[in-house]
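Secondary and tertiary structure notes
Residues per chain are reported as follows:
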Amino acid sequence: MAERARKKRSTLGLIARRTFMFGGLAIAGGAAFGVWRYNTPYENPLLDAAAAEGKAVFNPYVMIDEAGVTVIAPRAEMGQGIYTALAALVAEEMDLALEDLTVIHGPAASAYFNEAIFEDGLPFDAADETTAAWAARGVAGFMAKSMAIQVTGGSTSVADAFDKMREAGAAARAGLIAAAAQEWGAAPESLRAAGGFVIDPATDRRLAYTEIAADAARLTPSAATPKAKGDWTLLGKPLARVDMAEKSTGAGTFGVDVRPEGLLFASAAFTPAIGVPMTGYDASAIEGDPTVKAIIPLSEGVAVVAETTWAAMRAAEQVSVRHDPVSYTKDEAEIDAALAAAFTPDKIGSNFRDDGDVDAALAEAGPRAVRAQYRTPHLAHACMEPMNATARFQNGKLEIWAGMQAPKLVPDIVAGRIGADEVEAHVTYLGGGFGRRGEVDYVQAAAEAAKGLSGALAGRPVQLVYSRDVDTKRDAYRPPALARMAAVLDEEGLPQALSVDIATSSVIKSAISRYGVAGGGPDRILTDGAHDQPYAPAHFRVLGYDAGLGIPHGFWRSVGYSNSPFFLESFLDELSVDGGMDPVMMRLKLLEGDPSAQATVQAAADLAGWSGRTYRGANGRKGGRGLAYCRSFRSHVAMVLDVAEGEFGLAVEKAWIAADVGLALDPGTIEAQLASGLIYGISAAIRQEITFADGAVEQANFDTFEPLRYSASPEIAVTILESGEVIGGVGEIATPPAAPALANAVYAATGTRIRRLPMSREVDFA
């Protein structure tokens, strides 16, 4: 890791541009700060406020006061356990137990920029050590620093913080030891730190961190080196979640729990079609309602301010909003047609894989080529806590309280749009994020409502909460996709040629347009999960086509990996049937160039006791099992699912997951996130889809966008592999293989090949 860091720094700051790359897409408007800006550290955002409160600040991640040590997490906690993981990085270096720390979210500040998310947007594998890859990482690092985007996403939080926060903890430890050495007149190397104390082993003298923190923070100790892996006492072991007690007792503060003095409550009514300007509204049905305090026009609707959230929601439901005609693909027939029409050379937006000569191989095979077509739908995020934000606008200053994945970018954009001179953001716990809380809309709606207050209400904070119906109908959706697959099998039954053509919509172009930024060029997200897989047939081509549907699309858990693996892994299963080859053996042969991938597939098969596609379920019921693999976010995942036929439909009985995350820092959280990603993935695969009619979403709540119920969830077993020092992502990696593993199991159990999601269109589930 240290060698990689040195290589990275040697290439930083060499190129200044007015665009930056994300997902391979060139985004205009990037600030070119130059080498001087890159080499200038961002100011520590804690200094002024902490000094005023008598806290000793060591760096942007560690401060100490009389109550103890506080770790500042630069990323949002949305159930993925990131507060615990980041706190453990510091606790390990400061020789503290997790229960001896307090963890808070850091302020919205440039110092907390996410470099790893920029690196992962490059068209290079994390393990690629070529000169081109290192040069690209240098540019990505430079642009990450220049753009200073503080964001939680892409399963990058630990990868980005691994060096930064360990070094922060090591520096704090060194400073404390130096201060104690100065106090005692001892040599720093003769002292040690343990359990919140600096100790002199020779005399057993000890000073608490809290006693010497102020003196230590004023020192400039020599560079501190983080511990070697062999000296870890916390990392690598299951950790108790630092947020568990608060969340279990209801003491934790989510966005909907914020209660500043003088708070008003609001909900909203929007245009039925997303992104279409409002031309007027009718609120006559709530005239004279004593619970309604104000009706405030928004960009695409109105906010209804009332005495309670429930009263605001009930009143908002009675407001009708008029809008201009819909210009985008407004129903399912048009969406299907647009996807089918996108397979033209002028719409190619991703061409990151083209090995051998696929066209020649397919032409030679002629009618022997195997072909199939697959389709996935729009999907909503459906976070358990609906979108909400609290805003106060007073004397030109906008103050925001919300669960946000981009707590500097989003408030800054909103402040500019409503004309605020200053903005301050407070990040709460997130009741689910999955990419949805990186959007601007819900924060902007609250800010517009706060600014629109007048008379006696002016300057009071207002909490705007979307109803579940609004939350479902006003999302930035996972885009649908259509895939056309073709392959040629050799005499052994192994694919020697593989063609993958995917038509979908660019998530990046859609998302950044809502930030007011233009983009163009190739977009790797269109085919993530296909072009970057370590399968190595002689001829392998993957092309992505941008259908440009015009519907708001956003980052959904695993983004492009939520679509492409369903196509690729389902098709490989079809090919294994056609070629008479066991699906595990087929993958092992296709992955011969990647030992980590092979080991992951083999581990999943071994964990499941793989003996073929079919088996007998509970009570002798006919069953089938399916396998799928995917490499995403620097990690490998393979899973096996068992499905059995029952009286009320198919039941997903068991799941076995093997994951190689490179370096497992908290096995307990990793296991929990793998189970979570699986459930999220099969929930979507079984019954969930978002459909459009006349430009409006037809689903409104969990009764029509149904998640997997607890009683229908499978028994889950997990094995974790570690292949090296690359820090792999965890939060999203089990979602990509979930749908194809289930589809392959359904085929094994019933003989029905699922090529269009959700599966409930074709088979019944209990």
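Each remark here, short or long, concerns the structure printed above.
Right, let's walk through the structure included here. Since we're looking at a predicted model, the values are computed, not measured. (Residues numbered from 1 in each chain as written. Predicted model: local features only at pLDDT ≥ 70, side-chain atom pairs only at ≥ 80, totals over all residues. Heavy atoms only, no water.)

For the rest of this paragraph, the subject is the overall build of the protein. When you go through the protein residue by residue, the secondary structure sums to 21 helices and 31 strands. A compact globule built from 766 residues should have a C-alpha radius of gyration of about 27 Å, and the protein, at 27 Å, falls within 12% of that. Expressed as lengths along the three principal axes of its C-alpha atoms, the size of the protein is roughly 85 × 75 × 55 Å. Counting every position in the protein, which comprises 766 residues, the buried fraction comes to 60%. Total accessible area computed for the protein in this model is approximately 28800 Å², and 51% of it derives from carbon and sulfur atoms. Each charge class in the protein can be summarised by its mean position, and for the 68 positive and 95 negative side chains these summaries are 1 Å apart. (Helix = DSSP H or I, 4+ residues; strand = E, 2+ residues; numbered from the N terminus. Rg over C-alpha atoms; globule rule 2.2 N^0.38 Å. Buried < 20%, exposed > 50% of the residue type's maximum accessible area, 1.4 Å probe, protein only. Areas by Shrake-Rupley, 256 points an atom, 1.4 Å probe, with all protein chains shown as cover. Lys, Arg positive; Asp, Glu negative; His and termini not counted. Charge placed at Lys NZ, Arg CZ, Asp CG, Glu CD.)

This next bit is on the sheet that holds strand S25 (residues 614-616). On the basis of which strands lie adjacent, the open sheet formed by five strands has the order S25-S26-S27-S28-S31 and mixed pairing. Two strands close off the open sheet at either side, each with one partner strand: S25 and strand S31 (715-721). Averaged over all adjacent pairs, the angle separating strand axes in this sheet is 25 degrees, with direction ignored. Here strand S26 (residues 622-632) pairs with strand S27 (residues 635-646) via ten bridges, running antiparallel. From the neighbouring strand, Tyr 629 faces S27, where its bridge partner is Ala 638. Lying on the sheet, helix H20 (residues 667-687) is in contact with S27, strand S28 (649-660) and S31; it crosses S31 at an angle near 130 degrees. (Pairing = 2+ DSSP bridges. Axes fitted to C-alpha atoms, helices over the stretch in contact; angles between N-to-C directions. Contact = heavy atoms within 4.5 Å.)

What follows covers the nonpolar core. Counting residues in each nonpolar core, the largest one holds 79 residues, and the members touching the most others are Val 500, Phe 571, Leu 575, Leu 742, Met 759 and Phe 765. Examining the composition of this core, we find that eight residues originate from one element, helix H21 (residues 738-750), more than from any other. If sequence neighbours within four positions are ignored, Phe 765 has contacts with Phe 648, Gly 649, Leu 650, Val 652, Ile 686, Arg 687, Leu 742, Val 746 and Met 759. (Core = buried A, V, L, I, M, F, W, Y, C linked by side-chain atoms within 4.5 Å.)

On to the packing of aromatic side chains, then. Counted by the stated rule, this structure contains 15 aromatic pairs. When the centroid spacing of 5.1 Å and the interplanar angle of 55 degrees are considered together, the rings of Tyr 561 and Phe 633 count as tilted. Of this pair, Tyr 561 sits in the loop between strand S24 (539-546) and helix H17 (564-578) while Phe 633 sits in the loop between S26 and S27, and the two are 72 residues apart along the sequence. The buried category is assigned to Tyr 561, whose relative accessible area is 7%. Taken together through their ring pairs, the aromatic side chains of Tyr 83, Phe 254 and Tyr 429 make up a single cluster. Taking NZ or CZ as reference, Arg 625 lies 5.3 Å from the ring centre of Tyr 615, over its face. The ring of Tyr 747 has Arg 753 lying over it, and the distance from NZ or CZ to the ring centre is 3.9 Å. (Phe/Tyr/Trp six-rings, centres within 6.5 Å; stacked < 30°, edge-to-face > 60°. Lys NZ or Arg CZ within 6 Å of the ring centre and 35° of its normal.)

Reading across from one edge, S15-S24-S22-S21-S16 is the order of the five strands in this open sheet, with mixed pairing throughout. Of all strands in the sheet, those bounded by a partner on one side alone are strand S15 (348-355) and strand S16 (370-376). Each strand of the sheet is rotated relative to its neighbour by a mean of 10 degrees, with strand direction disregarded.

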